[in-house]
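Single-letter residue listing:
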Amino acid sequence: MIIPAPADLAGRYRISNGSRFRLKDIDPNDAWGKRLKPIAGQMLKQSRKRMAGLQERLYAQDRWSILLIFQAMDAAGKDGTIKHVMAGVNPQGCYVHAFKAPSSEELDHDFLWRTNRRLPRRGHIGIFNRSYYEETLVVRVHQNILARQQLPSELITKNIWRERFEDINAYECYLARQGVLVRKFFLHVSKDEQRKRFLERLDKPEKHWKFSPADVGERSQFANYMSAYEDMIRHTSTEYAPWYVVPADRKWFTRLVVSAAIIDAIQSLDPHFPDVDPAVQAEFKKVKEQLEAEVSRAPAKKAKKK
């Protein structure tokens, strides 16, 4: 079996110019990678090892940072994907922030304010579980939310969504120019698979905490959300901040694609351990000689009497 390289596996679902993108062109149950299922566990294990090595160099180099954004409908598998894909990464250099409904303080600022405060430091990987893109999704589907955002009424026009796309593109371009590599993932789950996962959560008490009756209300807006997602991806897919529209009906395949995309992204930066100044290396040599000399000067241990 020929195993696709990370760039090949992820590239199939990468959208870097969304002008002609149609969501219907990507099947949530895409069978393209079905042949990989027998070795999916092994592939993910190898990916974790590879990612851990790359992340260590990224952290040590302390130049670039990486921002991973996850958007999806409820039950599409964001939490599980993040958990399984990032399992081998050093927690010191990676953190996840899940954005819920904005607070009153956050509503008193521009819509990028609360996420801007959570951007990853240099050398770190930051993960947004939902993000500023909610302002073009849930707010667009439920436009009554706009009334609570304290915006001057004259700014709420029919062009507001296009204007927010423009603001996001400018913001992500700014991040790219500041050394933040942005990669965005839409986990594309079908309505039927979502129904099955909701039922599974209801049937298992240990999963009740993951379910809310409000989830069913949002499900009734599924078609409107798909329209909003399509428009969002079409207008905010760029070379510097591409979207990956990842089939999400098969969890194991979702994880392989996301893992491949992240590895490909870090590899594109070609991170290296920083070079050590020759003068410092000379000091290292002296210190090493001192430590080795301690062994030769140490008294020999007396043999124990039987």
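Criteria and cut-off values
Residues numbered from 1 in each chain as written. Predicted model: local features only at pLDDT ≥ 70, side-chain atom pairs only at ≥ 80, totals over all residues. Heavy atoms only, no water. Helix = DSSP H or I, 4+ residues; strand = E, 2+ residues; numbered from the N terminus. Expected span 1.5 Å × (residues − 1). Buried < 20%, exposed > 50% of the residue type's maximum accessible area, 1.4 Å probe, protein only. Patch = residues over 30% accessible without salt bridge, like charges linked within 9 Å, V, L, I, M, F, W, Y side chains within 5 Å. Areas by Shrake-Rupley, 256 points an atom, 1.4 Å probe, with all protein chains shown as cover. Salt bridge = Lys/Arg side-chain N within 4 Å of Asp/Glu carboxyl O. Lys, Arg positive; Asp, Glu negative; His and termini not counted. Contact = heavy atoms within 4.5 Å. Arc of directions from axis to C-beta. Core = buried A, V, L, I, M, F, W, Y, C linked by side-chain atoms within 4.5 Å. Pairing = 2+ DSSP bridges. Axes fitted to C-alpha atoms, helices over the stretch in contact; angles between N-to-C directions. Parallel < 35°, antiparallel > 145°, perpendicular 65-115°, else oblique. Left-handed = near helix turned anticlockwise from the far one by under 90°. Nonpolar A, V, L, I, M, F, W, Y, C, P; charged D, E, K, R; others polar.

Novice: Explain helix α11 (residues 251–269) residue by residue, including any values.
Specialist: Side chains of residues three or four places apart in an α-helix project in the same direction, reflecting 3.6 residues per turn. With 19 residues, α11 extends 28 Å between its outermost C-alpha atoms, agreeing within 8% with the 27 Å of an ideal straight helix rising 1.5 Å per residue. With 15 of 19 residues buried, α11 is to be regarded as a mostly interior element. Immediately beyond the C-terminal end of α11, within one or two residues, lies D270, with a positive phi of roughly 50 degrees.

Novice: Break down a nonpolar patch on the surface for me, citing the residues and quoting the values.
Specialist: A contiguous nonpolar surface patch, about 230 Å² in accessible area, is contributed by L151, L155 and I156. Within the secondary structure, L151 sits in the loop between α6 (138–141) and α7 (160–177).

Novice: Residues and numbers for the pattern of salt bridges, please.
Specialist: Here the structure, examined in full by the defined rule, presents 14 salt bridges. Residue K184 pairs with E172 through a salt bridge whose shortest N-O separation is 2.9 Å. Of this pair, K184 sits in strand β5 (residues 180–188) while E172 sits in helix α7, placing them 12 residues apart in sequence. Two residues, E200 and K204, come together in a salt bridge whose shortest N-O distance is 3.2 Å.

Novice: Explain the side chain of R255 residue by residue, including any values.
Specialist: Tracing the sequence through the fold places R255 in helix α11. Salt bridges are absent for the buried R255, whose nearest opposite-charge side chain, E200, sits at 9.8 Å. When neighbours within four sequence positions are excluded, R255 is seen to be in contact with L44, G80, T81, H84 and V85.

Novice: Explain helix α2 (residues 40–61) residue by residue, including any values.
Specialist: For α2, spanning 22 residues, the distance from its first C-alpha to its last is 31 Å, which sits close to the expected 32 Å at 1.5 Å a residue. Of the residues making up α2, those classed as buried are A40, M43, L44, S47, M51, L54, Q55 and L58. Buried residues of α2 fall within an arc of 110 degrees about the axis and therefore sit on the same side. The exposed set on the far side of α2, more than 90 degrees from its buried face, consists of K45 and K49. Where α2 is buried, its residues meet β2 (65–72), α3 (78–85), β3 (94–98), β4 (125–129) and α11. A positive backbone phi angle near 55 degrees is found at D62, which sits one or two residues after α2.

Novice: Could you give me a rundown of the nonpolar core, with the residues and numbers involved?
Specialist: Counting 74 residues, the largest nonpolar core has M86, I125, F185 and I262 as the members making the most contacts within it. When residues in this core are grouped by element, the largest group, 12 residues, is from α11. Ignoring any residue separated from it by four or fewer positions in sequence, one finds M86 in contact with M51, T81, C94, I125, I127 and I262. Core analysis: the next-biggest nonpolar cluster, separate from the first, contains five residues, V139, I145, I160 and W161 among them.

Novice: How would you explain the pairing of β5 if you had to name every residue and give the values?
Specialist: Taking burial as the measure, the nine residues of β5 include nine buried ones, the bulk of the element. Both faces of β5 are covered, namely the face carrying V180, V182, K184, F186 and H188 and the face carrying L181, R183, F185 and L187. The pairing of β2 with β5 spans eight bridges and is parallel. Paired with S65 across the bridge in β5 is V180. Across five bridges, β5 lies against strand β6 (residues 243–247) in parallel orientation.

Novice: Can you tell me about unusual backbone geometry, naming the residues and giving the values?
Specialist: Of note in this structure, Q150 is not a glycine but carries a positive phi near 60 degrees. Within the secondary structure, Q150 is located in the loop between α6 and α7. Of note, D270 is a non-glycine position whose phi angle comes to about 50 degrees, a positive value. With respect to the helices, strands and loops of the structure, D270 is situated in the loop between α11 and α12 (278–297). Owing to a relative accessible area of 47%, D270 belongs among the partly exposed residues under this scheme.

Novice: Give a detailed account of the sheet that holds strand β1 (residues 14–15), specifying residues and quantitative values.
Specialist: Spatially, the six strands line up as an open sheet ordered β1-β6-β5-β2-β4-β3, and their pairing is mixed. The open sheet has two edge strands with one neighbour each: β1 and β3. In this structure, β2 lies alongside β4, joined through five bridges in parallel fashion. Bridging from a neighbouring strand, I69 pairs with F128 of β4. In the packing of α7 onto the sheet, contacts are made with β2 and β5, and the angle to β5 comes to roughly 135 degrees.

Novice: Can you lay out the packing of α3 against α11 for me, pointing to particular residues and giving the numbers?
Specialist: α11 packs onto α3 with a crossing angle of 55 degrees between their chain directions and a minimal axis gap of 10 Å. Between α3 and α11, the crossing angle belongs to the class labelled oblique. Crossing of α3 against α11: the hand is right-handed. The segment α3 lies against α11, with G80, T81, H84 and V85 engaging T254, R255, V258, S259 and I262. Of the residues contributing to the contact of α3 with α11, the split by class is three nonpolar, five polar and one charged.

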